[in-house]
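Residues per chain, in single letters:
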Amino acid sequence: EAEVAQSPRYKITEKSQAVAFWCDPISGHATLYWYRQILGQGPELLVQFQDESVVDDSQLPKDRFSAERLKGVDSTLKIQPAELGDSAMYLCASSLGDAGAHNEQFFGPGTRLTVL
Amino acid sequence: AQSVTQLDSQVPVFEEAPVELRCNYSSSVSVYLFWYVQYPNQGLQLLLKYLSGSTLVKGINGFEAEFNKSQTSFHLRKPSVHISDTAEYFCAVTGFGDDKIIFGKGTRLHILP
């Protein structure tokens, strides 16, 4: 069964360091999402791609976060420098069609980030 | 803009007993509604969704939910829970013409032996 892959699963870093997370969506899925899930909260959208283009990055803290999906397939989310408040689960999801509510989002297992 | 309120942060229930997880939403436009489940250290999995049509929606693992427009609710139910249902459950909403999903804060379901 096709799945969204994410790595690493766990990351511990010190504040002010740079971290990067990788996501490989289900093959053929045009839309890719990055979410942040703080402990005890629901996921919040950080950035949404349609193929290689950013559709929505209104909630991405652009002073320290960046995301790319250069070839419209896999994607990288980077934080530089990391802050204590960035400790969270970072989830990647993908969907088959154009961005829209009828298209189910499939989630990866997430990367749990701890900033010390 | 849409919002979701999950009224209970934790729900304990005995194995084989029925359960209801409550969800209320707020929106100025018509909505699509979802329930997702998250097992420990895993991503989210779609349980069921309401797009249109019948207000009673059946999902995977024996769960169902009922859309009540007048009460702006979308409560999740299961007639008999199993230990494997231990997880966190998220209600979510998106408005017509929008694909940004807004999630609630989640309800942790504890199954007691």
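Since the structure is predicted, the reported quantities are computational estimates derived from the model, not experimental observations. (Residues numbered from 1 in each chain as written. Chains lettered and ligands numbered in written order. Predicted model: local features only at pLDDT ≥ 70, side-chain atom pairs only at ≥ 80, totals over all residues. Heavy atoms only, no water.)

So, the overall build of chain A
- When its secondary structure is counted, chain A shows zero helices and eleven strands.
- By the compact-globule yardstick of 13 Å for 116 residues, chain A fits well, its C-alpha radius of gyration being 13 Å.
- With the C-alpha coordinates aligned to their principal axes, the bounding extent of chain A is approximately 40 × 30 × 25 Å.
- Here chain A holds 116 residues, and the buried ones make up 47% of them.
- Per element, the accessible surface of chain A, about 5,700 Å² overall, is 49% carbon and sulfur.
- Charged side chains of chain A number 10 positive and 16 negative; the gap between the two group centres comes to 8 Å. (Helix = DSSP H or I, 4+ residues; strand = E, 2+ residues; numbered from the N terminus. Rg over C-alpha atoms; globule rule 2.2 N^0.38 Å. Buried < 20%, exposed > 50% of the residue type's maximum accessible area, 1.4 Å probe, protein only. Areas by Shrake-Rupley, 256 points an atom, 1.4 Å probe, with all protein chains shown as cover. Lys, Arg positive; Asp, Glu negative; His and termini not counted. Charge placed at Lys NZ, Arg CZ, Asp CG, Glu CD.)

Notes on the nonpolar core
- Counting 28 residues, the largest nonpolar core has Trp-35, Leu-48, Leu-76 and Tyr-89 of chain B as its most contacted members.
- Cys-23, Trp-34, Leu-60 and Val-115 of chain A belong to the second largest nonpolar core, which has 20 residues in total. (Core = buried A, V, L, I, M, F, W, Y, C linked by side-chain atoms within 4.5 Å.)

So, the environment of Met-89 of chain A
Residue and element names in this part refer to chain A.
- On the secondary structure map, Met-89 appears in strand S9 (residues 88–95).
- Put simply, Met-89 and Thr-111 are 22 residues apart on the chain and 5.5 Å apart in space, counted from C-alpha to C-alpha.
- Contact partners of Met-89, with chain neighbours within four places excluded, come to Tyr-35, Arg-36, Gln-37, Pro-109, Gly-110, Thr-111 and Arg-112. (Contact = heavy atoms within 4.5 Å.)

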